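The primary structure of each chain is shown beneath.
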Amino acid sequence: MKRALSAIQAETAALAISVIWLLVAQFMAVLAWDAQLLTRQGALVHWLLVGVLPPALALWGMKPSAAPTR
């Protein structure tokens, strides 16, 4: 298990975490809209600011690691 996790590159792990974060934030925005805590536009803006922007900025700021050599 340890070998399998160490084989995952940092970029791949960051992308996977970002996708999970996007899905969770979208789900929470839909739940807030469904519970009438937010309007549809408010849920969309909240999802964009909380769900999309932080992972996008984090991935944009990453420096790519060197390609593995064989």
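The structure under discussion appears in the preceding block.
Residues numbered from 1 in each chain as written. Predicted model: local features only at pLDDT ≥ 70, side-chain atom pairs only at ≥ 80, totals over all residues. Heavy atoms only, no water.

Asks: Can you help me understand the overall build of the chain in this one?
Replies: Each helix and strand counted, the chain has three helices and zero strands in total. N-terminal to C-terminal, the α/β element order of the chain is α-α-α. Buried residues in the chain amount to 11% of all 70 residues. A total accessible area of about 6000 Å² is found for the chain, and carbon and sulfur atoms account for 72% of it. (Helix = DSSP H or I, 4+ residues; strand = E, 2+ residues; numbered from the N terminus. Buried < 20%, exposed > 50% of the residue type's maximum accessible area, 1.4 Å probe, protein only. Areas by Shrake-Rupley, 256 points an atom, 1.4 Å probe, with all protein chains shown as cover.)

Asks: When you look at unusual backbone geometry in this model, what are you seeing that I'm missing?
Replies: For residues besides glycine, phi is generally negative; the peptide bonds are generally trans as well. Although it is not a glycine, Q36 sits at a positive phi angle of roughly 60°. Here Q36 shows up in the loop between α2 (10-34) and α3 (40-61).

Asks: Could you clarify how one ought to interpret α3 in this entry?
Replies: Residues that lie three or four places apart on an α-helix share one face, since the helix turns once every 3.6 residues. The first and last C-alpha atoms of α3 sit 31 Å apart over 22 residues, in line with the 32 Å expected at 1.5 Å per residue. The largest bend in α3 comes to about 35°, at V52, with the proline P54 one to four residues further on. At its buried positions, α3 is contacted by α2. (Expected span 1.5 Å × (residues − 1). Bend = angle between axes of the 7 residues up to and from the residue. Contact = heavy atoms within 4.5 Å.)

Asks: Where do I start with a nonpolar patch on the surface in this structure?
Replies: A grouping of W21, V45, L49, V50, L53, L57 and W60 is seen on the molecular surface, where their side chains present a nonpolar patch of about 740 Å² in accessible area. Here the element with the most residues in the nonpolar patch is α3; it accounts for six residues. Among the secondary structure elements, V45 is positioned in helix α3. By relative accessible area, which is 45% here, V45 ends up partly exposed. (Patch = residues over 30% accessible without salt bridge, like charges linked within 9 Å, V, L, I, M, F, W, Y side chains within 5 Å. Salt bridge = Lys/Arg side-chain N within 4 Å of Asp/Glu carboxyl O.)

Asks: Is there a simple way to think about the environment of V52 in this case?
Replies: Along the chain, V52 turns up in helix α3. On a C-alpha basis, the gap between V52 and S18 in space is 8.5 Å, while along the polypeptide they are 34 residues apart. The residues contacting V52, other than those within four sequence positions of it, are L22 and W47.

Asks: So what exactly am I meant to see when it comes to α2 here?
Replies: The terminal C-alpha atoms of α2, which comprises 25 residues, lie 36 Å apart, in line with the 36 Å expected from a rise of 1.5 Å per residue. For α2, the set of buried residues is A14, S18, A25, A29 and A32. Where α2 is buried, its residues touch α3. Residue Q36 follows α2 closely and has a positive phi angle near 60°.

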